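Inside the fold
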Amino acid sequence: MMTDDNAHKLPEAKIRRGYASLMSIWIVPVIALGVAVYLIVQTVAERGAEISVVFDDAEGMIPGKTQLKYKDVTIGTLNRIDILDDDKGVSLVIDVNRTADKYLTDTASFWIVAPAIGFQGITGLQTLLSGSFIEIDPGKGGKRQTEFTGLKTPPVITSNDKGTEYILSTEKLSNINRGTPVIYKGLVVGSILGYRLAEDKKAVDVYAFVQAPYDDLVLEGTQFWNAGGINVSVSTAGLEVGASSLQSLIAGAVEFSTPRLYQNTFKAEARHEFKLYDNIKAKEDARFTEKVVYVLYFDGSVSGLTVGANVEFKGIKIGSVREISLEIDEANQKFYIPVLIEVEPQRISLTDNGQKIRSVLETRELRQKIIKDLIERGLKAKLKNANFLTGQLIVELDLVPEKEAVYVATSGRYPEIPTVPADLEAITASVTEIMAKINKLPIEELGQNLNGTVAGLDKFINSGELQKTIDEYRKLAVSVRVVAENIDTKTLPNIGRTIEDIRDAINKIDATLVSAETMFSSVNGLIADGSPFKYDLTNMLQELAAASRAVRSLADFLERNPSSLISGKR
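Computed from a predicted model, the values in this text were never measured in an experiment.

**Some points on the pairing of strand 23 (residues 334–343)**
- Burial of strand 23 is extensive: 8 of the 10 residues sit out of reach of the surface.
- Across 7 bridges, strand 19 (residues 292–298) lies against strand 23 in antiparallel orientation. Residue pairing in the sheet places Val292 in a bridge with Val343 of strand 23.
- Here 5 bridges tie strand 21 (residues 316–324) to strand 23, and the two strands are oriented antiparallel to one another.

Below you can see the structure in the form of structure tokens.
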């Protein structure tokens with residue numbers, strides 16, 4: 001029995017005492033804690049600096065979601081939004097990655113990217129689904145900084161854009177705005193960065209940026225002009241309306257080109273100053289740099305004449321109107337309208353068959369001398385209606401030597417060109433003179449005489465004498481008609497027969513003369529020269545020949561003019 005009990009005895013458990021069991025229980029939490037600590041340390045290490053950017057408002061900004069981006073790469077996240085005191089806007093507190101710490105300098109710029117529609121197109125479309133974000137332009141160089149003021153609008157260019165900035169000076173800004181494109185031969189090669197009032201307060205400085213490599217096209221002789229909007233001009237041809245392109249019409253544009261004369265000038269340096277012309281016409285007129293100012297004095301109305309109106313000679317533009325004013329001569333109780341014109345002598349070509357080479361100064365002096373000589377020969381100015389529809393006036397110069405030159409200027413500041421009345425003014429003056437003469441006539445006396453004459457005529461008509469006279473003239477007309485009919489039916493046929501009789505007589509006379517000549521030729525030999533008989537015969541033959549010619553002429557005349565038998569020869 002003992003043997004069986006020992007055979008079925010269970011084995012006893014062996015108990016080991018130590019820390020192995022304890023480690024197996026806490027190993028998982030320890031590993032989790034280590035990972036958490038690693039993540040915290042890594043987050044703190046990557047977190048970098050905390051910056052604040054001040055904006056007017058926080059529209060579209062969501063803490064924990066809105067991102068800070070550079071070149072479409074996220075480099076930070078919006079942590080919180082603080083409202084500043086005294087209504088100074090809001091402060092966006094942003095946690096920036098440590099790798100982006102190098103961008104946090106005083107040259108950095110921040111702005112909010114959101115959907116926007118402007119003249120230059122639609123921007124920020126990528127934020128329609130992802131939401132607005134904050135963009136940074138780190139700039140170049142600068143000192144470290146953590147507090148910034150954000151831009152109200154996105155910049156036109158960033159520090160990554162390569163190119164050159166220029167200054168364009170203009171008298172008026174017109175339709176040029178920040179972001180207006182700069183165009184070269186139809187290509188957009190830059191933008192307008194901004195503008196400000198010039199230091200002299202007389203012009204506006206516009207800052208234009210031209211991208212590389214197009215900035216190599218901007219030379220010192222390059223010309224810029226406003227190519228935006230609609231160009232409206234009124235000329236003798238009528239109303240002209242045009243635009244460079246649809247884009248420039250909507251958004252405006254600044255265009256530039258370099259005249260052939262200045263193709264070899266040097267490349268313009270950064271911030272080189274150029275003149276910005278109002279339009280392409282002003283740019284083209286700018287090639288006439290030589291201008292001579294003359295003064296004209298008009299005593300009539302100049303309504304319709306404007307600054308900039310053409311000054312023409314024989315229909316060709318040689319200048320423009322510069323200034324129109326009013327001047328009163330108190331001593332003589334007269335008023336004048338002095339008009340300053342700018343004559344551009346370069347528009348006048350000199351022809352000498354190339355026989356003489358002149359310098360620029362000699363050519364300029366010669367042109368001015370020509371104009372002076374023309375004034376001495378009778379050059380005068382008058383107003384001319386260039387367009388009857390609009391009433392626009394121009395100044396026309398022409399040689400009028402038959403009219404006396406009247407000079408008004410006393411100061412001698414500008415050379416004077418005498419004026420003559422316009423064609424319409426001359427007609428008006430003539431009409432006024434005629435009306436003045438009419439007003440001097442004794443109208444009342446003439447009216448009374450006319451009334452007396454009318455009364456006498458009325459009395460004569462109503463007295464019956466007029467009707468009696470008319471009846472007598474009717475009877476006379478009937479008598480004349482009867483006489484004319486008798487002439488046609490009786491007299492003219494008789495005249496025909498008379499002419500035939502005269503022709504028969506002439507033929508007989510001719511036959512008699514022939515016979516006589518035959519007889520006298522035979523007898524002539526028997527008669528001695530110088531005898532009285534031969535002399536008488538010769539005279540008789542000459543008289544008969546003359547009579548024959550006279551009768552022949554009379555017959556021909558009566559045949560051509562049969563009525564002369566009644567009325568006589570005229």
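**Observations concerning the pattern of salt bridges**
- For the structure shown, the criterion picks out 9 salt bridges.
- The partner of Arg322 in a salt bridge is Glu342, with the nearest N and O atoms 3.8 Å apart. Here Arg322, found in strand 21, pairs with Glu342, found in strand 23; they are 20 residues apart in sequence, far enough to count as distant.
- Residue classification places Arg322 among the partly exposed positions, given a relative accessible area of 39%.
- Residue classification places Glu342 among the buried positions, given a relative accessible area of 17%.
- Across the pair Glu396 and Lys382 runs a salt bridge, and its minimum N-O distance is 4.0 Å. Linking Glu396 in strand 25 (residues 392–399) with Lys382 in strand 24 (residues 379–387), this pair joins segments that are 14 residues apart in sequence.
- The class for Lys382 is buried, based on a relative accessible area of 18%.
- Several salt bridges share partner residues, and in doing so they unite Glu50, Arg80 and Asp82 into one network.

**Some thoughts on the environment of Ile167**
- Inspection of the secondary structure assignment puts Ile167 in strand 10 (residues 163–170).
- For Ile167, a relative accessible area of 8% gives the class buried.
- When neighbours within four sequence positions are excluded, Ile167 is seen to be in contact with Asp205, Val206, Tyr207, Arg271, His272, Glu273 and Phe274.

Cut-offs applied
- Residues numbered from 1 in each chain as written.
- Predicted model: local features only at pLDDT ≥ 70, side-chain atom pairs only at ≥ 80, totals over all residues.
- Heavy atoms only, no water.
- Buried < 20%, exposed > 50% of the residue type's maximum accessible area, 1.4 Å probe, protein only.
- Helix = DSSP H or I, 4+ residues; strand = E, 2+ residues; numbered from the N terminus.
- Pairing = 2+ DSSP bridges.
- Salt bridge = Lys/Arg side-chain N within 4 Å of Asp/Glu carboxyl O.
- Contact = heavy atoms within 4.5 Å.

Fair warning: the whole summary comes from geometry, so function is off the table for now.
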